[in-house]
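The residues making up each chain are set out below.
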Amino acid sequence: VPRTVLITGCSSGIGLAVAVRLAQDPQQRFHVIATMRDLRKKEKLEEAAGPALGKTLSIQRLDVCSDSSVAECMENIPGGRVDVLVNNAGVGHVGPVESISVEEMKRIFETNFFGVVRMIKAVLPDMKRRQSGHIVVISSVMGLQGIVFNDVYAASKFAVEGFCESLAVQLLQFNVVSMVEPGPVNTDFELKLMEEVSRSEFPGTDPATVRYFKDAIVNVIRARRPAFRTQTNSLYTPLVALKYADPSGDLSVRTYYRLLFNYGTLFHLSMAALRCLTCGCFRRRVTPL
Ligand code: NAD
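Residues numbered from 1 in each chain as written. Predicted model: local features only at pLDDT ≥ 70, side-chain atom pairs only at ≥ 80, totals over all residues. Heavy atoms only, no water.

> Help me understand the site of the ligand in this model?
In the vicinity of the ligand, 26 residues are found, and the nearest of them are Ser12, Ile14, Asp63, Asn88 and Tyr153. At 2.8 Å, a backbone N or O of Ile14 approaches an oxygen atom of the ligand. Measuring from a nitrogen atom of the ligand, one finds a side-chain N or O atom of Asp63 at 2.8 Å. For the shell around the ligand, the secondary-structure elements that each account for two or more residues are helix 1 (13–23) and helix 6 (151–171). By residue class, the composition of the shell around the ligand is 12 nonpolar, 10 polar and four charged. (Near = heavy atom within 4 Å. Polar contact = N/O pair within 3.5 Å; in protein donor to acceptor, adjacent residues only side chain to side chain. Helix = DSSP H or I, 4+ residues; strand = E, 2+ residues; numbered from the N terminus. Nonpolar A, V, L, I, M, F, W, Y, C, P; charged D, E, K, R; others polar.)

This is the structure we're talking about:
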């Protein structure tokens, strides 16, 4: 029996790519419910899905910011049964804090944080009853490490990380929560944000990188025992590790400062963190979940 996979935010980008990838699984192991806020934007997904449309992939409306929209979508799912929930919908945001109103910040949190919470609340009771299910959350490396001018976006992803980290402990006996923390796929992600250019096609990214990025999420969904955290960009891992290597926080803040102004020093510090990893002393400080 194919597993029902509900994915949010499938009109573009990662959501669209993952939906199509799963729906086109040669062994037809998944039935994908690809959801989007605005069904007028479904054409690109329909085109990409090809013959899978109406067979292993169906499209439904779902706005993660609306209780009634989530309820309506769940009512249309036979038995309300979702085996895998992929929380992908999210909005980026950059800019100096002074220029951002609290109202605007709440809007980011409404999608990136409460959107995830709303979806998890919608599927959790049934997953607990069945004692099976899998919740995948597309977080960000910015859910583990703040980046300059991404203050609000990073905070919203940190909120998601804290929520899921706590939930994972409770859910270990029922089902699995997995975080995917994509590193920047495209080096001018922030530039694109500022220019309000569509992010869906990952312009300027080589196909190998795009493929690797999509594979990472599909592998988490397919895994029998998925890890709690999967970072798609291994180059980022030592940078994230810096904050745990130095409890005072100086090492990570200074490294990121130097990343902006002196690349050579960053490299030196990353290597230092790696050495620490190899000798084992770092491992003792970080207790993986
Ligand atoms: P994207 O903008 O192409 O995709 C985000 C999707 O979410 C869009 O289709 C958008 O319409 C949808 N969405 C926004 N608000 C919604 C709502 N209220 N209800 C339903 N859908 C809504 O960008 P993407 O890069 O594919 O982003 C997907 C996820 O990956 C996001 O959570 C993002 O934070 C995360 N991420 C992306 C990158 C990257 O480099 N692209 C890096 C780290 C994390």
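> How do you make sense of the pattern of salt bridges when you look at a structure like this?
Note on pairing: side chains with opposite charge can pair once their charged atoms come close. For the structure shown, the criterion picks out 13 salt bridges. With a shortest N-O distance of 2.9 Å, Arg81 and Asp83 are connected by a salt bridge. Given the relative accessible area of 38%, Arg81 is considered partly exposed. The salt bridge involving Arg229 is made with Glu161; its shortest N-O contact spans 2.9 Å. Linking Arg229 in strand 7 (residues 229–231) with Glu161 in helix 6, this pair joins segments that are 68 residues apart in sequence. (Salt bridge = Lys/Arg side-chain N within 4 Å of Asp/Glu carboxyl O. Buried < 20%, exposed > 50% of the residue type's maximum accessible area, 1.4 Å probe, protein only.)

> What is the right way to look at empty space enclosed by the protein in this model?
Left-over empty space is what a probe sized like a water molecule reveals as it rolls over the atoms. With the rule as written, the count across this model stands at one cavity of 30 Å³ or more. Each pocket or cavity is described by its volume, and for the largest cavity that value is around 30 Å³. What lines the largest cavity is simply Asn87, Asn88, Ala89, Asn112, Val116, Val137, Ile138, Lys157 and Val160. (1 Å grid on protein atoms, 1.4 Å probe; cavity = no way out; pocket = protein on both sides within 12 Å on 5 of 7 lines; lining within 4 Å. Points joined across faces, edges and corners; volume = space filled by probe spheres on them.)

> Explain the nonpolar core to me, please; I cannot follow it from the model alone.
One broad trend across soluble globular proteins is that nonpolar side chains are buried collectively. In this structure, Leu6, Leu85, Ile120, Ile135 and Cys164 are the most contacted members of the largest nonpolar core, which totals 29 residues. At the level of elements, helix 3 (67–75), helix 5 (114–130), strand 5 (134–138), helix 6 and strand 6 (176–181) are the ones that each hand at least two residues to this core. Dropping the residues within four chain positions of it, Ile135 is found in contact with Leu85, Asn87, Ile120, Val123, Leu124, Met127, Val176, Val177 and Ser178. The next biggest cluster of nonpolar side chains, apart from the first, holds 28 residues, and it includes Val18, Ala34, Leu57 and Ile221. (Core = buried A, V, L, I, M, F, W, Y, C linked by side-chain atoms within 4.5 Å. Contact = heavy atoms within 4.5 Å.)

> Would you mind showing me how to read the packing of aromatic side chains here?
Two aromatic rings, taken as a pair, are described by how far apart their centres are and by the angle between their planes. Applying the stated criterion to the full structure yields two aromatic pairs. Aromatic side chains Phe113 and Phe114 sit 4.9 Å apart centroid to centroid with 65 degrees between the ring planes, which places their arrangement in the edge-to-face category. On the basis of relative accessible area, Phe113 is assigned to the buried category, the value being 14%. Using a relative accessible area of 41% as the deciding quantity, one classes Phe114 as partly exposed. Aromatic pair Phe113 and Phe163: ring centres 5.8 Å apart, planes at 85 degrees, arrangement edge-to-face. Note that Phe113 is positioned in the loop between helix 4 (102–112) and helix 5 and Phe163 in helix 6, a separation of 50 residues in sequence. Taken together, the aromatic side chains of Phe113, Phe114 and Phe163 make up a single cluster linked through ring pairs. One residue, Lys243, lies across the ring of Tyr244, its end atom 6.0 Å from the ring centre. (Phe/Tyr/Trp six-rings, centres within 6.5 Å; stacked < 30°, edge-to-face > 60°. Lys NZ or Arg CZ within 6 Å of the ring centre and 35° of its normal.)

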